[in-house]
Amino acid sequence: SKNTIIARLRGVTHRYGATVSLDHVDLSIPAGCVAGLIGPDGVGKSTLLGLIAGVRKIQTGPVEVFGADARQRRVRAEMAQRIAYMPQGLGGNLYATLSVLENVDFFGRVFGLNAAQRKRRIDELLDSTELTSFRDRPAGKLSGGMKQKLGLCCALIHDPELLILDEPTAGVDVELRKGMWEVVSTLQA
């Protein structure tokens, strides 16, 4: 439901040595919406997203995701099955020597999908991102925009409840940027 809070941070502080990346951040993100973080480089956007995704260690302040305390290892393990996280950088979550199909199939196996589930989801995702005709191409031979689309497919293979994208359209052309947001809008609907 849209009134449900999917992620809540209270007084979250995060440091890298003497540098304060997040300083007592309070934030609630409701379910059923697209929320964005806007700000210049170095203000802690990626750190905040990593804390919500469960890939960064929480230093100070509670981070709750799906109503549970993400400081607990068991909770983070359960969150991983319900969250898709696409890190910053073109194709940062891909294996360059594996084909488009092999990359998405690998992530499907990691998330425990059986062969029939993987085939169905892979066909849907490659079709929606217009990567079907590139299914046999190694990820390392794709353009930057195509790597981003493939990274999105890999992130979405397990049909997550929460999708976290860190600068998904940085370095891609306007047409591809529009296409990626159309895919995200379709998924949200």
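This text follows the structure it describes.
Described in the following lines is the structure provided in the data block. (Residues numbered from 1 in each chain as written. Predicted model: local features only at pLDDT ≥ 70, side-chain atom pairs only at ≥ 80, totals over all residues. Heavy atoms only, no water.)

Observations regarding the overall build of the chain
Counting its regular elements, the chain contains 6 helices and 6 strands. Reading the chain from its N terminus to its C terminus gives the helix and strand order β-β-α-β-β-α-β-α-α-α-β-α. Radius of gyration (C-alpha) of the chain: 17 Å, near the 16 Å computed for a compact globule of 189 residues. With the C-alpha coordinates aligned to their principal axes, the bounding extent of the chain is approximately 45 × 35 × 30 Å. Out of the 189 residues belonging to the chain, those deemed buried represent 42%. Pairs at least 24 residues apart make up 62% of the contacts formed inside the chain by residues separated by at least 6 positions. Accessible surface, the chain: about 10,400 Å² in total, of which carbon and sulfur atoms supply 52%. Here the chain contributes 24 positively and 20 negatively charged side chains, and the mean placements of these two sets differ by 5 Å. (Helix = DSSP H or I, 4+ residues; strand = E, 2+ residues; numbered from the N terminus. Rg over C-alpha atoms; globule rule 2.2 N^0.38 Å. Buried < 20%, exposed > 50% of the residue type's maximum accessible area, 1.4 Å probe, protein only. Contact = heavy atoms within 4.5 Å. Areas by Shrake-Rupley, 256 points an atom, 1.4 Å probe, with all protein chains shown as cover. Lys, Arg positive; Asp, Glu negative; His and termini not counted. Charge placed at Lys NZ, Arg CZ, Asp CG, Glu CD.)

As for the packing of aromatic side chains
By the definition in use, this model includes 3 aromatic pairs. Between Tyr 95 and Phe 107, the ring centres sit 6.5 Å apart and the planes meet at 40°, which makes this aromatic pair tilted. One end of the pair, Tyr 95, is in the loop between strand S5 (83-86) and helix H3 (100-110); the other, Phe 107, is in helix H3, with 12 residues separating them in the sequence. Residue classification places Phe 107 among the buried positions, given a relative accessible area of 15%. With centroids separated by 5.5 Å and ring planes inclined at 85°, the aromatic side chains of Phe 106 and Phe 107 adopt a geometry described as edge-to-face. Note on Phe 106: relative accessible area 33%, which makes it partly exposed. (Phe/Tyr/Trp six-rings, centres within 6.5 Å; stacked < 30°, edge-to-face > 60°.)

Notes on the packing of H3 against helix H5 (residues 144-156)
Contact geometry for H3 and H5: axes closest at 8 Å, N-to-C directions at 25°. By the criterion of interaxial angle, the relationship of H3 to H5 is roughly parallel. Handedness of the H3/H5 crossing: right-handed. Residues Val 100, Asn 103, Val 104 and Phe 107 of H3 form the contact with H5, whose participating residues are Leu 150, Cys 153 and Cys 154. (Axes fitted to C-alpha atoms, helices over the stretch in contact; angles between N-to-C directions. Parallel < 35°, antiparallel > 145°, perpendicular 65-115°, else oblique. Left-handed = near helix turned anticlockwise from the far one by under 90°.)

Quick word on H3
All of the buried residues in H3 are Val 100, Asn 103, Val 104, Asp 105, Phe 107 and Gly 108. Against the buried residues of H3 lie helix H4 (115-128) and H5.

Observations regarding the packing of H3 against H4
In contact at an axis separation of 10 Å, H3 and H4 are set at 130° when each is read in the N-to-C sense. By the angle between their axes, H3 is oblique relative to H4. When you trace H3 past H4, the crossing you get is right-handed. Counted together, Val 100, Leu 101, Val 104, Asp 105, Gly 108 and Arg 109 of H3 and Arg 118, Ile 122 and Leu 126 of H4 form the full contact between these two elements. Here the residues of the contact of H3 with H4 sort into 5 nonpolar, 1 polar and 3 charged. (Nonpolar A, V, L, I, M, F, W, Y, C, P; charged D, E, K, R; others polar.)

Topic: the environment of Gly 108
With respect to the secondary-structure elements, Gly 108 resides in helix H3. Distance from Gly 108 to Arg 121, taken between C-alpha atoms, is 8.6 Å for residues 13 residues apart in sequence.

Looking at the environment of Arg 135
Mapped onto the fold, Arg 135 is located in the loop between H4 and H5. Given a relative accessible area of 24%, Arg 135 falls into the partly exposed group. Expressed as a C-alpha distance, the spacing of Arg 135 and Leu 9, which sit 126 residues apart in the sequence, is 39 Å. Apart from residues no more than four positions distant in its own chain, Arg 135 is found in contact with Ser 99, Val 100, Leu 101, Ile 122, Asp 123 and Leu 126.

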